[in-house]
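Breakdown of the fold
Chain by chain, the residues run as shown.
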Amino acid sequence: MAQTDAQIRRYPEMRGRVALVTGGSSGIGLAAAQGFAREGATVVVASRDEARAAAALKTFATDAAVSWIASDTSDGISVKRLVATIVERHGRLDYAFNNGGSIGPEDIALIGDMSEESWRRTIDGYLTSVFLCMRHQIPAMLAAGRGVIVNMSSIYGQRGHSIPGGGAYAAAKHGVLGLTNSAARQYAATGLRITAVCPGWVETPPIAEWMAADPRFAAVITGMTPRGKIAKPDEVANAVLFLCSDAASAMIGSPLVVDGGFLA
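Residues numbered from 1 in each chain as written. Predicted model: local features only at pLDDT ≥ 70, side-chain atom pairs only at ≥ 80, totals over all residues. Heavy atoms only, no water.

Some remarks on the packing of aromatic side chains
By the definition in use, this model includes six aromatic pairs. On the basis of an interplanar angle of 70 degrees and a centroid distance of 5.9 Å, the ring pair of Tyr156 and Phe262 is categorised as edge-to-face. One end of the pair, Tyr156, is in the loop between β5 (147–152) and α5 (166–187); the other, Phe262, is in the segment after β7 (256–258), with 106 residues separating them in the sequence. Residue Tyr156 shares its accessibility class with Phe262, and that shared class is buried. Seen in terms of ring centroids, Trp201 and Phe217 are 5.6 Å apart; in terms of plane orientation they differ by 80 degrees. Their pairing is edge-to-face. Here Trp201 is found in the loop between β6 (192–199) and α6 (205–213), whereas its partner Phe217 is found in helix α7 (residues 215–223), with 16 residues between them in sequence. Assigned by exposure class, Trp201 and Phe217 land together as buried. Within the aromatic cluster, the residues linked to one another by ring pairs are Tyr156, Trp201, Trp210, Phe217 and Phe262. (Phe/Tyr/Trp six-rings, centres within 6.5 Å; stacked < 30°, edge-to-face > 60°. Helix = DSSP H or I, 4+ residues; strand = E, 2+ residues; numbered from the N terminus. Buried < 20%, exposed > 50% of the residue type's maximum accessible area, 1.4 Å probe, protein only.)

Details of the side chain of Glu39
Relative to the assigned elements, Glu39 resides in the loop between α1 (27–38) and β2 (42–47). Only 2.9 Å separates the side chain of Glu39 from the backbone nitrogen of Tyr11, close enough to count as a polar contact. (Polar contact = N/O pair within 3.5 Å; in protein donor to acceptor, adjacent residues only side chain to side chain.)

Thoughts on the side chain of Thr180
Mapped onto the elements of the fold, Thr180 is located in helix α5. A distance of 2.9 Å separates the side chain of Thr180 from the side chain of Asn151, its partner in a polar contact. Excluding its chain neighbours within four sequence positions, the residues that come into contact with Thr180 are Asn151, Ile194, Thr195, Ala196 and Gly253. (Contact = heavy atoms within 4.5 Å.)

Observations regarding the nonpolar core
Generally speaking, nonpolar side chains in soluble globular proteins are found buried as a group. Counting 32 residues, the largest nonpolar core has Phe36, Phe97, Val150 and Val197 as the members making the most contacts within it. Elements represented by at least two residues in this core include exactly β1 (18–22), α1, β2, β4 (95–98), β5 and α8 (233–244). Not counting residues up to four positions away in its chain, the partners in contact with Phe36 are Met14, Ala19, Val21, Ala41, Val43, Tyr95, Leu241 and Cys244. Counting 19 residues, the second largest nonpolar core, distinct from the first, contains Val44, Leu93, Ala96 and Ala184. (Core = buried A, V, L, I, M, F, W, Y, C linked by side-chain atoms within 4.5 Å.)

Some remarks on the confidence of the model for the protein chain
Here the protein chain averages 93 in pLDDT, while 96% of its residues score no lower than 70. In this model, residues 1–6 is a region of pLDDT below 50 whose contacts with residues beyond four sequence positions or in other chains number three contacts. (pLDDT = per-residue confidence, 0-100.)

Description of the pattern of salt bridges
Pairing between side chains of opposite charge can happen when their charged atoms approach one another. The final tally for this structure, using the stated rule, is eight salt bridges. Between Glu203 and Lys232 there is a salt bridge, with the nearest N and O atoms lying 3.2 Å from each other. In this pair, Glu203 is assigned in the loop between β6 and α6 and Lys232 in the loop between α7 and α8, connecting sequence segments 29 residues apart. Here Arg227 makes a salt bridge to Glu235, at a shortest N to O gap of 2.8 Å. Overall, Glu235 belongs to the partly exposed group, its relative accessible area being 32%. (Salt bridge = Lys/Arg side-chain N within 4 Å of Asp/Glu carboxyl O.)

The following block contains the structure:
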């Protein structure tokens, strides 16, 4: 009998291992969590919104080993509790996709008009959050002598962002790459692999809504992508799973760009 897509596993080594996806209730995070589940991993989705998480959990197969833990990745105490709970429940942490992030208020401002509050909240939401996650994930993985961390950066971690609000976001995503590369070098000999993914524009729920509401915006971002369409969340999630797999054993530090040709 032919196998269904859900039964075909590309990375059999993931079966029975434990994967954490922050910001896993929608978009790229949800697609990655579903990917880990299809590979047979035990999946922990971490996010802030319980109602959204409940809806997300309904999208998994009935036999998937998936659970949700409330967590704010910009809060060190919350992140510490998250990782400790995973280790207490499952005894280990094998994979972590640090995808969660949030932008500050006044996010449409140019740098010269941006408030300090907006700057700090965006940096905390997209950069400090990654530090806090690694700060607690690394010791948990070191205890087992292995593990993979994939941090969410962006094409705007490799170039500037011209639109209002983009300055703080780009600064944070550049910082994610610097932090990732440093951690990757520091722990490369320990059995831990730390790397990052850099998506271009992706059709996440908020971007899809924005494109539907503003055809000019849709035309601009589509025109920036040489293949003529922006990425689907699954396309980025596929890259994340590859980076976590044994097939990517030499991928340490250097980010994987998934942008439809944007930076080419």
